Amino acid sequence: MSAPTISFVDVHDDVALAAWHGAESASVNHERPLALQRSLPALTASVQHPSAFVRRVLLAARRDGEVVGTAELVLSQTENEHLAELEIHVRPEHRRRGTGAALHQAVDEIRRADGRTTVIGELYLPLGGSAAGLDFATALGFTSVHTEEHLAMRLPADPITADLLTREVPGYEIVTWTGRCPDEHRAAYLSMRNQMNLDVPTGQIDATPVVIHEARLADSELRTARSYITIVAAARRVADGAMGGYSVVLLDRSDHVALQDDTLVMPEHRGSGLGMQLKQATRAIVEAEHPERQAIHTWTDPANAAMYRTNISFGFAPVEILHEMQRVD
Ligand SMILES: CC(C)(COP(=O)(O)OP(=O)(O)OC[C@H]1O[C@@H](n2cnc3c(N)ncnc32)[C@H](O)[C@@H]1OP(=O)(O)O)[C@@H](O)C(=O)NCCC(=O)NCCS
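Please read all numbers here as calculations on a predicted model, not as lab measurements.

The rules behind the values
- Residues numbered from 1 in each chain as written.
- Predicted model: local features only at pLDDT ≥ 70, side-chain atom pairs only at ≥ 80, totals over all residues.
- Heavy atoms only, no water.
- Near = heavy atom within 4 Å.
- Polar contact = N/O pair within 3.5 Å; in protein donor to acceptor, adjacent residues only side chain to side chain.
- Helix = DSSP H or I, 4+ residues; strand = E, 2+ residues; numbered from the N terminus.
- Nonpolar A, V, L, I, M, F, W, Y, C, P; charged D, E, K, R; others polar.
- Buried < 20%, exposed > 50% of the residue type's maximum accessible area, 1.4 Å probe, protein only.
- Contact = heavy atoms within 4.5 Å.

Draft legend 1. Just the site of the ligand, in detail. Taken together, 19 residues surround the ligand, and among them Ile-88, Val-90, Arg-96, Gly-100 and Ala-101 come closest. Between Ile-88 and the ligand, the recorded distance is 2.8 Å, taken from a backbone N or O atom to a nitrogen atom. A distance of 3.2 Å is found between an oxygen atom of the ligand and a backbone nitrogen or oxygen belonging to Arg-97. Contributions of two or more residues to the shell around the ligand are made by β4 (83-90), α3 (99-113), β5 (118-126) and α4 (132-139). Broken down by element, the shell around the ligand gets its largest block of residues, 5 residues, from α4. Grouping the constituent residues of the shell around the ligand by class yields 7 nonpolar, 6 polar and 6 charged.

Given below as structure tokens:
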């Protein structure tokens, strides 16, 4: 089988971007009924308005003019400059013909030229099963260094269960916002976001936690707002105003799912059910203000017992297993 033609994608060429996204979508959704993929508008916004903190490279593999495979390389510009994040997809009907290997070789040359010595990539396995991606990555020398479960639940939640789980934690009030964090909460929100980056389990991934400062938060709020509605609930201790935790839900503006992103309870506020209260608060907003949302998804390390148990009680059920695969030169 001859090699496919590999080329850079011009991210300002909407037709090329749509063809690239179509190939990625065919791969992502193959045999994964609850797979999630960023929408074409979200991809377009992210590559056409790039962040100063990240360099993103898209490659397409073509056979007879058709995009049969995709590769994406993400290179952080401000921290973890030894690290390259990689994702490769091949259309199901074009697999086992060397396209994935050719894409890997092309991105590997780019990351080496950029001085990156650790490569990580995500892949999904069905519960109790395997997938081509694992064989592919293993053949290339990658090993699994961290796993998370992808969990999902239908919306609206069962009202009786939701009611039973919605308990106010004495001594706290819930504050919520949509989109940009209001000025009066920004300092506390930044310290909670940074605590989240320190506390979230990441297994043996060879990366240092990212430190978010005001400029980076503002950049991320602006960029996220192009494609997602962000809903945040935070718990404030009434006695002294201290912020005890937060939970974030993202709603892609161009589809009908909801993503349960960060949930953190600050160390000295743990053990009284704030995590569940925060999740119930964002769920209630999603159901009241965005009734078109049919499902909510999240990702949790099962070894993270407190968060995992909260998610199962909340109504989430495991869908598939995410593996972070890594290779160090
Ligand atoms: C993983 C994936 C990209 C492979 O693409 P591909 O074009 O089929 O890969 P190649 O034909 O270049 O295979 C290269 C090597 O990977 C291994 N491999 C790939 N698919 C395999 C499978 N189904 N079973 C066993 N080994 C496999 C083999 O060693 C193969 O070499 P060989 O054909 O000489 O034996 C493709 O299956 C895919 O898109 N999967 C979903 C997304 C994903 O998991 N991506 C990887 C993580 S970023």
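There's more to say after this.
Draft legend 2. Just the environment of Ile-312, in detail. Note on placement: Ile-312 falls in helix α9 (residues 305-314). For Ile-312, a relative accessible area of 37% corresponds to the partly exposed category. On a C-alpha basis, the gap between Ile-312 and Phe-8 in space is 42 Å, while along the polypeptide they are 304 residues apart. In this structure Ile-312 touches Leu-151 and Pro-318, once residues within four positions along its chain are discounted.

Draft legend 3. Local environment of unusual backbone geometry. For the bond running from Leu-155 to Pro-156, omega is 0 degrees, close enough to zero to count as cis. Along the chain, Pro-156 falls in the loop between β6 (143-154) and α5 (159-165). Positive phi outside glycine occurs at Glu-31, with the angle close to 55 degrees. By secondary structure assignment, the location of Glu-31 is in the loop between α1 (14-28) and α2 (40-48). Residue Glu-31 is classed as exposed on the basis of its relative accessible area, which comes to 70%. For Arg-96, which is not glycine, the phi torsion reads 65 degrees and is therefore positive. Its place among the elements puts Arg-96 in the loop between β4 and α3.

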